[in-house]
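An overview of the molecular structure
Here are the chains, one letter per residue:
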Amino acid sequence: MSKSVLACSIERSESALVRLKSCGSGSYTLSVCRTLPFGSEDLSSEKGVRQLNKLARHLDEWPGEDLALSIGPENYNSLPAYFPAGATPEAVREYCRIEAGYFLKRPDDYHCDVTACTDEGREEMLEKQLLLFYPAAPFNQASNRLCMGHSVIFRGTPQLPILHLSKISGESQAILEIEKSYVLFASATNGRIEKFSCHPVKNRTECEYFAIRALIDNPVGIEGEVQVTGSGAKRSVIARISKESGLKLKPLALPESIPLSNPGKFKISSQSALKAISTALMALG
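What this report covers is the structure whose coordinates are included nearby. (Residues numbered from 1 in each chain as written. Predicted model: local features only at pLDDT ≥ 70, side-chain atom pairs only at ≥ 80, totals over all residues. Heavy atoms only, no water.)

As for the pairing of strand β3 (residues 28-36)
Inclusion rule: The pairing criterion for strands is at least two bridges between them, as found by DSSP. Numbering of helices and strands runs from the N terminus; a helix is a DSSP stretch of H or I covering at least four residues, while a strand is a stretch of E covering at least two.
Relative to β3, strand β2 (residues 15-22) runs antiparallel, the two being bridged by eight bridges. When the bridges of β3 are listed, A16 appears paired with T35.

Here it is as structure tokens:
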């Protein structure tokens, strides 16, 4: 049985809207892919409000359709935690609220994404999770405007959708994300986090240092292919990181094993479009 979903991804300087349909054969068809020249950096400006309204009008073309929304935050605060195995979503939210109270100075100012981790030495009754806390204000502004009139099936950051690609494709995934305010490295297999690090940065020198350090310190990334994304992933920056780490880096892309029936019909190479498609794939899954 086929099913379609709308997905939006709002990155630092660009946003994308896609409409993806699952086919009974396990493949997917992309029927819409639109990008807009605004991002999370613009949300507090007059331009951002206008563009957000424009994006909402695009969504209004499919009233009532399921919507998945991802927004790239200014930074992440990560915290590993152990929760009871098989905990309900309601229980997990409560555990996250309790952890936030101990971990953050102003916990009500943050949202939290939760993703499962690989943990070979775990206790039978507990499961290791990674909690990703991020500022709530920009997310709430966009969510309140875009989610009206839709059944919302996912709201969060792009990290979960990108890592979920490893579950869909059956291939390990190693991602280096370079932003103006942080450098993040994550690797996953079968949708579960294996390695994760996120460092705040103030300038290009710190950006390059922590990116190189993350690649050298994580053999998972060295053994496989490392993909790069983020507004700070300029060609000169990538060249320096690649030279110092001894690794070949490539731009973020959908795994070739994911059966997208019409990739040539739309321009899907932009990072916001790729993350919107990843968000749609996770929502459909």
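Having seen the model, we can carry on.
Observations regarding the pattern of salt bridges
Where we set the bar: Each reported salt bridge corresponds to a side-chain nitrogen of Lys or Arg within 4 Å of a carboxyl oxygen of Asp or Glu. Relative accessible area decides the class of each residue, using a 1.4 Å probe on protein chains only: under 20% of the type maximum gives buried, over 50% gives exposed, and in between gives partly exposed.
Summed over all chains, the structure comprises 15 salt bridges. As a salt-bridge pair, R34 and E61 come within 3.0 Å of each other at their nearest N and O atoms. Of the two residues, R34 sits in strand β3 while E61 sits in the loop between α1 (46-59) and β4 (66-71), which places them 27 residues apart along the sequence. Residue E61 is classed as partly exposed on the basis of its relative accessible area of 44%. With a shortest N-O distance of 3.6 Å, R240 and E244 are connected by a salt bridge. Here E244 and R240 lie together in helix α7 (residues 235-245), a separation of four residues that amounts to about one turn. Under the relative-accessibility criterion, R240 is labelled partly exposed at 41%. Taking the relative accessible area as the measure of exposure, E244 reaches 41% and is therefore partly exposed. Within the structure, one salt-bridge network assembled from shared partners comprises R204, E208, R240 and E244.

Some points on the sheet that holds strand β7 (residues 126-135)
Sheets are built from strands that pair by backbone hydrogen bonding, the pairs being arranged parallel or antiparallel. We count it as follows: Only the stretch in contact is used when fitting a helix axis, every axis being a line fitted to C-alpha atoms; angles between N-to-C directions are given from 0 to 180 degrees.
Here we have three strands laid out as an open sheet, ordered β5-β7-β6, and antiparallel in their pairing. Unpaired on one side and paired on the other, β5 (77-84) and β6 (110-116) mark the two borders of the sheet. Averaged over all pairs of adjacent strands, the angle between their axes in this sheet comes to 30°, without regard to strand direction. In the sheet, β5 pairs with β7 via eight bridges, with the strands oriented antiparallel.

Any link to function would need more than the numbers given here.
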